[in-house]
Amino acid sequence: MKDDFTWASRNTLSSLLDQARQCTDEYLASLTTRRVYPSDESIQRLRELDVPVPEKPSDPHEVLEQLHRVGSLGTIAQTSGRYFGFVNGGMLPIGLAARWLADAWDQNTAHYVMSPTNAHLEDICERWLVELFDFPKDTAAGFVTGTTLANFSGLCAGRNEIFRRLGWDVAQKGLYGAPRLRIIVGAGAHAAVYKSASMLGLGTDQIEIVPQDQHGRMRPNQIPTLDEPALVVAQAGNVNSGAIDPVGEICDRVAGTDSWVHVDGAFGLWARVLPRLADACDGFEKADSWSVDAHKTLNVPYDSGVILCKHRSALQEAFRASASYFQWSDHRDAMNYTPSMSKRARAIELWAVLKTLGRQGVIELVEHLCDQARQFAEKLATKGFQICNDVMFNQVLVACDDDMLTQRTVERIQTDGQCWCGGSKWDGRTVIRISVCDWATSETEIDRSVAAFVAARDSARRELAQAN
Ligand SMILES: *Cc1c(COP(=O)(O)O)cnc(C)c1O
């Protein structure tokens, strides 16, 4: 190995990793005191990084030090237990440690011959996920960046399979002159589903929307008559309320029509492991494909999503490619399961997390998030906040007495730095949207956050009173 560059040598890696480890310890130690969202001054300091492209090499230790000192200033304390924004998962220790080790291996996973270990662990994760979710035995899994890509993958497999049955090879002929393919989604479908429709050439204008009930669940009896084949997209985990579509009933409505049911289960598919929610998750196995994130509810480090598809060959056909230099094997060539070719070995840290937790640990983790969400809601209710959804999973929708006060309160919460939540609209009202998605959230973090909510509302009330 060459040893005389200023920017890399055999020894640099080891000392850089030691340094990274020290920086990490410092960062993690700061989580209880640092603001969840950085201050304006901290963000301003990122400008220290704005220099023209460096003409000369730098000492990598200095680069790392600058990244730690300056770069960390603009980070969100997402793993502090007090981040409730979007649906962003926390990070289990074993996930990070396994990821570090795997990163040192630097595997590319496109072909089996590039990483037998990754291929093997993808097979194991596939089997374990299928068992945990109690899906049909030969269900295939592809490991992607997140649910956006997982939705795309499942819908691409579905689109191509429907066309194949109609005698139309869409991979070859494209959509020009193709038979019509309908796409039907619930009113609460995630933006990622619309993105997939546009990427798949189906067009967002073509999307037919099925009304939802007051919890945000698709109403199966409102699914239009399926005289032509359709991609039907159900949701496990409404992005606001956490509610779960009656997937079994939806599948029963669609059965016998040559249509394909995909379940967007980014965070809510994990409800399927909970005995408590067995009724709500009844019939999931009847769908054709399912998306789920590992980086949300399961607290695997970013990024990690999975497409699960009942029809293995349909998934593989969707991502077929060939070149004279490719090297196929009798084992898993991961590029056949996802849109990517080169990609990192995501299955490694997923395997480590699943192996560490086991079924019991997965259930404990998911129930813990639900418990904390319930407690958050109860404590806010005792402080006079209104809880606008049925808190059956990890999502809580909160409102103050009127929309303006709610809006000002969420703005205060965001700038105050004690915790972080986003806003949304629910049932025509402005709401604060809480997603409990980090194993590190406990009573301490909830109490601190409830206090921040109360302080933010007090301050918003004063401001509004002054303005009048
Ligand atoms: C988060 C989410 C997505 C998008 O997933 P990414 O992992 O961000 O790509 C899609 N659907 C639902 C329901 C989600 O919650």
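Criteria and cut-off values
- Residues numbered from 1 in each chain as written.
- Predicted model: local features only at pLDDT ≥ 70, side-chain atom pairs only at ≥ 80, totals over all residues.
- Heavy atoms only, no water.
- 1 Å grid on protein atoms, 1.4 Å probe; cavity = no way out; pocket = protein on both sides within 12 Å on 5 of 7 lines; lining within 4 Å.
- Points joined across faces, edges and corners; volume = space filled by probe spheres on them.
- Helix = DSSP H or I, 4+ residues; strand = E, 2+ residues; numbered from the N terminus.
- Nonpolar A, V, L, I, M, F, W, Y, C, P; charged D, E, K, R; others polar.
- Core = buried A, V, L, I, M, F, W, Y, C linked by side-chain atoms within 4.5 Å.
- Buried < 20%, exposed > 50% of the residue type's maximum accessible area, 1.4 Å probe, protein only.
- Domains from an automatic or database assignment.
- Contact = heavy atoms within 4.5 Å.
- Pairing = 2+ DSSP bridges.
- Axes fitted to C-alpha atoms, helices over the stretch in contact; angles between N-to-C directions.
- Buried area = accessible area lost by both parts, 1.4 Å probe.
- Salt bridge = Lys/Arg side-chain N within 4 Å of Asp/Glu carboxyl O.
- Polar contact = N/O pair within 3.5 Å; in protein donor to acceptor, adjacent residues only side chain to side chain.
- Phe/Tyr/Trp six-rings, centres within 6.5 Å; stacked < 30°, edge-to-face > 60°.

### Observations regarding empty space enclosed by the protein
Evaluation of the coordinates by the stated rule reveals 1 cavity of 30 Å³ or more. There is about 60 Å³ of room inside the largest cavity. In this structure, the largest cavity is lined by Gly 186, Ala 187, Gly 188, Ala 189, Gln 212, Gly 216, Arg 217, Met 218, Val 233, Ala 234, Gln 235 and Asp 245. For the lining of the largest cavity, the leading source of residues is strand β4 (residues 230-235), giving 3 residues. Residues that form the lining of the largest cavity fall into these classes: 5 nonpolar, 5 polar and 2 charged.

### Some words on the nonpolar core
Leu 298, Leu 308, Leu 350, Ile 434 and Phe 453 are the most contacted members of the largest nonpolar core, which has 86 residues in total. With 15 residues, the single largest contributor to this core is helix α11 (residues 346-382). A domain-level breakdown of this core finds at least three residues from each of domain 2 (97-354) and domain 3 (365-467). Leaving out residues up to four positions away in the same chain, Leu 308 has contacts with Leu 129, Val 130, Phe 133, Phe 135, Thr 139, Ala 140, Ala 141, Leu 269, Asp 288, Ser 289, Trp 290 and Val 292. Counting 30 residues, the second-largest nonpolar core is a separate cluster that includes Ala 157, Ile 162, Trp 168 and Ala 318.

### Some remarks on the sheet that holds strand β2 (residues 182-186)
A sheet is described by the order of its strands in space; here 7 strands give the open sequence β1-β7-β6-β5-β4-β2-β3, paired in mixed fashion. The sheet is open, and its two borders are formed by β1 (140-144) and β3 (207-210), each paired with just one other strand. Neighbouring strand axes in the sheet, compared pairwise and without regard to direction, differ in orientation by 20 degrees on average. The pairing of β2 with β4 spans 4 bridges and is parallel. Within β4, the position partnered with Val 185 by the bridge is Val 233. The strands that helix α5 (residues 116-133) touches are β1, β6 (289-293) and β7 (305-309); relative to β1, the one it contacts most, it runs at about 115 degrees. Sheet contacts for helix α9 (residues 247-254): β4 and β5 (260-264); angle to β4, the most-contacted strand, approximately 170 degrees.

### Examining the layout of surface pockets
The volume enclosed by the largest pocket comes to roughly 740 Å³. In terms of lining, the largest pocket is formed by 22 residues, of which the most central are Thr 24, Tyr 27, Met 91, Leu 96 and Trp 100. Broken down by element, the lining of the largest pocket gets its largest block of residues, 5 residues, from helix α1 (residues 10-29). Taken domain by domain, the lining of the largest pocket gets at least three of its residues from each of domain 1 (10-77) and domain 2 (97-354).

### Structural notes on the domain arrangement of the chain
In terms of domain boundaries, the chain breaks down into domain 1 (10-77), domain 2 (97-354) and domain 3 (365-467). Between domain 1 and domain 3, the C-alpha centre-to-centre distance is 31 Å. Broken down residue by residue, the surface that domain 1 buries against domain 3 is led by Arg 35, Val 36 and Tyr 37, which jointly contribute 79%. The interface formed by domain 1 and domain 3 includes 0 salt bridges. Counting across the interface, domain 1 meets domain 3 through 3 residue pairs in polar contact (both at pLDDT 80 or more). Residues of the side of domain 1 that touches domain 3, tallied by class, amount to 2 nonpolar, 1 polar and 1 charged.

### Things to note about the packing of aromatic side chains
The final tally for this structure, using the stated rule, is 13 aromatic pairs. Look at Tyr 325 and Phe 326: their rings are 5.0 Å apart centre to centre, the planes differ by 80 degrees, and that puts the pair in the edge-to-face class. For Tyr 325, a relative accessible area of 66% gives the class exposed. Here the aromatic residues Tyr 37, Tyr 83, Phe 86 and Trp 420 are joined through ring pairs into a cluster of three or more.

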